[in-house]
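Given next are the chains, with one letter for each unit.
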Amino acid sequence: MKRTIIGLFSVIIASNVVWGWLYLNKVNEQPNHSSSNIANKAVQMYELNGTGDMWDVSDYKIIITPNQIQRGHASLTFKGDPRSISDSNYYKLDIQEKDPEGNYSKMLSHVATSHDGPITILNNDNLKNIGYVTSDYAYDELKKDRQNYASTFLRVTWNDNDGKLHSEDIYLTIENEIMLE
């Protein structure tokens, strides 16, 4: 009887040691993303706006899900005289954002050009939605946080009716943010 009790206690102790070891290894395998809020949230959305001298940007969105990120859907408004660019044959949009090391990286780009006539920059379709890009996480994406997204800017480059090239950087600020867990 004593042997049976000692045997049962040995089995219980061995079982606890094995289960404890498995539990500790499972906890240690959990990814550590303490520098980022992305891993802790199911979905994050930032809506950014910005004002420049000649252009305004509204409703630029950054949507972060557990396995993808989408950027874009902004609207542009030209604040100058529409007749000054009615015969323009070139414009380019570049959206850049700071990476975790503090360097700017291009996130989205759109170019329109024409050699046979104007491209009608002010066409509602061109300005209502500048386009978007959806991708899996790029290198170091999980290290980004709100500050990286808040440092986004849009560079608009265009030529006027006389062919003179203009460029403006519009720095965006986060106006709304939504976090769904």
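The notes below deal with the structure included here. Per chain, residue numbering runs from 1 following the sequence as it is written. The predicted origin of the model limits local features to residues at a pLDDT of at least 70 and limits the giving and counting of side-chain atom pairs to 80 or more, whereas totals for whole chains, interfaces and linings rest on all residues. By convention in this description, side-chain values take in all heavy atoms of the structure and omit both hydrogens and water.

Looking at the overall build of the protein
Right, on to step 1. From N to C terminus, the protein includes three helices and ten strands.
Right, on to step 2. For the protein, the sequential pattern of α-helices and β-strands runs α-β-β-β-β-β-β-α-β-α-β-β-β.
Right, on to step 3. Counting the 181 residues in the protein, one finds 31% classified as buried.
Right, on to step 4. In the protein, of all internal contacts separated by at least 6 residues, the share reaching a separation of at least 24 is 62%. Here a helix means four or more residues in a row that DSSP labels H or I, a strand means two or more in a row labelled E, and each is numbered from the N terminus. For every residue, the accessible area (1.4 Å probe, protein chains only) is compared with the maximum for its type, and the residue is labelled buried under 20%, exposed over 50%, or partly exposed between those bounds. Residues are treated as being in contact if the distance between any of their heavy atoms lies within 4.5 Å.

Some points on the nonpolar core
Right, on to step 1. Among buried residues, the Ala, Val, Leu, Ile, Met, Phe, Trp, Tyr and Cys ones that are joined through side-chain atoms within 4.5 Å form a nonpolar core. Judged by nonpolar contacts, the single largest core of 28 residues is most densely connected at Trp55, Ile62, Leu76, Ile130 and Leu154.
Right, on to step 2. Mapped onto this core, the elements with two or more residues apiece are β1 (43-51), β2 (55-64), β4 (75-78), β5 (90-98), β6 (104-113) and β8 (153-159).
Right, on to step 3. For this core, the leading source of residues is β2, giving five residues.
Right, on to step 4. When near neighbours in sequence (up to four residues on either side) are disregarded, isoleucine 62 contacts Gln44, Met45, Tyr46, Leu48, Ile69, Gln70, Arg71, Glu97, Tyr149 and Thr152.

Remarks on the pairing of β6
Right, on to step 1. By the convention used here, strands pair only if DSSP detects at least 2 bridges between them. Pairing geometry for β5 and β6, over nine bridges, is antiparallel. The residue of β6 that forms the bridge with leucine 93 is histidine 110.
Right, on to step 2. Counted along the chain from β5 to the antiparallel partner β6, the turn is five residues long, and its residue glycine 102 has a positive phi close to 95°.

Thoughts on the side chain of serine 114
Right, on to step 1. Relative to the helices and strands, serine 114 resides in the loop between β6 and α2 (124-128).
Right, on to step 2. N or O atoms closer than or at 3.5 Å make up a polar contact, with two conditions inside protein: a donor-capable atom paired with an acceptor-capable one, and, for residues adjacent in sequence, both atoms drawn from side chains. A distance of 2.8 Å separates a polar atom in the side chain of serine 114 from the backbone oxygen of glycine 117.
Right, on to step 3. Setting aside residues no more than four positions away along its own chain, serine 114 makes contact with Asn89 and Ile119.

Some thoughts on the sheet that holds β5
Right, on to step 1. In spatial order, the strands read β6-β5-β8-β9; together these four strands make up an open sheet with antiparallel pairing. Two strands bound the open sheet, and with one partner strand each, they are β6 and β9 (165-171). Across the sheet, the axes of successive neighbouring strands diverge by a mean angle of 15°, strand direction being ignored. Note on definitions: angles span 0 to 180 degrees between N-to-C directions of axes, and those axes are lines fitted to C-alpha atoms, for helices only across the stretch in contact.

Note that all results are geometric; they support no functional claim without further evidence.
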